[in-house]
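Letter by letter, the chains look like this.
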Amino acid sequence: TESLLASGFFCTLYWYTPNMENAPEPLWEQLSLKLDNVKGQQYYERNDFQEAVINYSEIWGPNFYITAEGTFTPTVANADDGSGANNNVNSSQSINRGWIQRLLGAQQQSSLVQNSRTLRTCPDVFRVDATKVTLHLLGFAFQLPIRGSSNLVILYADPRIRIFVSPMESKSAVGNWEEAGLVVVQVRSDLVLGDPVMDLR
């Protein structure tokens, strides 16, 4: 998790939805009205030691953008008998459990891990719980409704680049933030923009 929590803001450079013809663009891409808009994420640890994420997407440059915030909790496969749904995972997540298990190459259950400050092996799975969406315009901030949780599969992560898969759709009040199966490639912001690493906190 050190590559996630201590590396600052990462810019999204590439995304695609495999095995899905005519897949809609993720909402953050639909809202982007300029080719040079910056989009990406920052994972960090809050003062209360909760691990959190900020999604950032410019609509018309840095004066008009949207942020989506949430908390995330890692999951790991355990050695249970593999039958039924785990009580720690809600029903919408359990629908995608088989997909995640196949990706990890093990027919095992997932359970939440409260302490993730250890070296973890990719692919790794995290549960993301949405907490807030904010529209920012010329210094003014407008809160938008958001709901739900989703799983995030980290295929690869180091201090310079990371690759994610969203196995479940992420819903918001104005449409799906991301569709199921979306693959995203991100690079640390200073390597893309040439400026010091962005910090959204």
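Structure shown above.
Residues numbered from 1 in each chain as written. Predicted model: local features only at pLDDT ≥ 70, side-chain atom pairs only at ≥ 80, totals over all residues. Heavy atoms only, no water.

1. Some details on the overall build of the protein chain
Line of reasoning, step 1. Helix and strand counts for the protein chain come out as five helices and 12 strands.
Line of reasoning, step 2. In the protein chain, which comprises 201 residues, the proportion classed as buried is 46%.
Line of reasoning, step 3. Counting only contacts in the protein chain whose residues sit at least 6 apart along the sequence, the fraction spanning at least 24 positions is 62%.
Line of reasoning, step 4. For the protein chain, the accessible surface area stands at approximately 10700 Å², while carbon and sulfur atoms represent 52% of it. (Helix = DSSP H or I, 4+ residues; strand = E, 2+ residues; numbered from the N terminus. Buried < 20%, exposed > 50% of the residue type's maximum accessible area, 1.4 Å probe, protein only. Contact = heavy atoms within 4.5 Å. Areas by Shrake-Rupley, 256 points an atom, 1.4 Å probe, with all protein chains shown as cover.)

2. Some points on the pattern of salt bridges
Line of reasoning, step 1. Per the stated rule, a full pass over the model turns up seven salt bridges.
Line of reasoning, step 2. A salt bridge links aspartate 129 to arginine 127, with the nearest nitrogen and oxygen atoms 3.1 Å apart. Arginine 127 shares its class with aspartate 129; the two are buried.
Line of reasoning, step 3. For aspartate 190, the salt bridge goes to arginine 188, with nearest N and O atoms at 2.6 Å. (Salt bridge = Lys/Arg side-chain N within 4 Å of Asp/Glu carboxyl O.)

3. A closer look at a nonpolar patch on the surface
Line of reasoning, step 1. Residues Leu13, Tyr14, Tyr16, Leu191, Val192 and Leu193 make up a contiguous nonpolar surface patch of roughly 530 Å² in combined accessible area.
Line of reasoning, step 2. Elements that contribute at least two residues to the nonpolar patch include exactly strand S1 (9–16) and helix H5 (189–193).
Line of reasoning, step 3. With respect to the helices and strands, the residue tyrosine 16 is situated in strand S1.
Line of reasoning, step 4. On the accessibility criterion, tyrosine 16 (37% relative accessible area) is partly exposed. (Patch = residues over 30% accessible without salt bridge, like charges linked within 9 Å, V, L, I, M, F, W, Y side chains within 5 Å.)

4. Looking at unusual backbone geometry
Comment: phi is negative for the bulk of residues other than glycine, and the bulk of peptide bonds are trans.
Line of reasoning, step 1. Even without being glycine, phenylalanine 49 reaches a positive phi, approximately 70°.
Line of reasoning, step 2. Examined against the element boundaries, phenylalanine 49 turns out to sit in the loop between strand S2 (39–45) and strand S3 (51–58).

5. Here's the deal with the pairing of strand S12 (residues 182–188)
Line of reasoning, step 1. By the criterion of burial, S12 is predominantly enclosed, with seven of the seven residues buried.
Line of reasoning, step 2. By the alternation rule, side chains of S12 split into Leu182, Val184, Gln186 and Arg188 and Val183, Val185 and Val187, which are all buried.
Line of reasoning, step 3. In this structure, strand S9 (residues 161–166) lies alongside S12, joined through six bridges in antiparallel fashion. From the neighbouring strand, isoleucine 163 faces S12, where its bridge partner is valine 185. (Pairing = 2+ DSSP bridges.)

6. Considering the pairing of S1
Line of reasoning, step 1. Where S1 lies against S2, three bridges are found, and the strand directions are antiparallel. Each bridged residue has a counterpart across the sheet, and for phenylalanine 9 the counterpart in S2 is glutamine 42.
Line of reasoning, step 2. Bridging between S1 and S12 involves six bridges; their strand directions are antiparallel. From the neighbouring strand, tryptophan 15 faces S12, where its bridge partner is valine 184.

7. Some words on the side chain of glutamate 58
Line of reasoning, step 1. Along the chain, glutamate 58 falls in strand S3.
Line of reasoning, step 2. Within the buried core, glutamate 58 has no salt-bridge partner, and the shortest N-O distance to an opposite charge, that of lysine 34, equals 6.9 Å.
Line of reasoning, step 3. At 3.0 Å, the side chain of glutamate 58 and the backbone nitrogen of valine 38 are in polar contact.
Line of reasoning, step 4. Setting aside its immediate chain neighbours within four residues, glutamate 58 contacts Ser32, Asp36, Asn37, Val38, Lys39, Phe64 and Tyr65. (Lys, Arg positive; Asp, Glu negative; His and termini not counted. Polar contact = N/O pair within 3.5 Å; in protein donor to acceptor, adjacent residues only side chain to side chain.)

8. Quick look at the packing of aromatic side chains
Line of reasoning, step 1. One pass over the structure, following the stated rule, counts seven aromatic pairs.
Line of reasoning, step 2. Taken together, a centroid distance of 6.4 Å and an interplanar angle of 80° make the contact between tryptophan 15 and tryptophan 28 edge-to-face. Placement of tryptophan 15 in strand S1 and of tryptophan 28 in helix H2 (residues 27–30) is noted, with a sequence separation of 13 residues between them.
Line of reasoning, step 3. The class for tryptophan 28 is buried, based on a relative accessible area of 6%.
Line of reasoning, step 4. Pairwise contacts between aromatic rings join Tyr43, Phe72, Phe126 and Phe164 into one cluster.
Line of reasoning, step 5. Just above the ring of tryptophan 60 sits the side chain of lysine 34; from NZ or CZ to the centre is 5.5 Å.
Line of reasoning, step 6. Cation over ring: arginine 162 sits above phenylalanine 10, and NZ or CZ is 3.7 Å from the ring centre. (Phe/Tyr/Trp six-rings, centres within 6.5 Å; stacked < 30°, edge-to-face > 60°. Lys NZ or Arg CZ within 6 Å of the ring centre and 35° of its normal.)

9. Remarks on the environment of glycine 139
Line of reasoning, step 1. As for its placement among the helices and strands, glycine 139 is situated in the loop between strand S6 (124–137) and strand S7 (140–144).
Line of reasoning, step 2. Judged by relative accessible area, glycine 139 falls into the exposed class, the value being 82%.
Line of reasoning, step 3. Residues glycine 139 and phenylalanine 64, spaced 75 residues apart in sequence, show a C-alpha to C-alpha distance of 8.6 Å.

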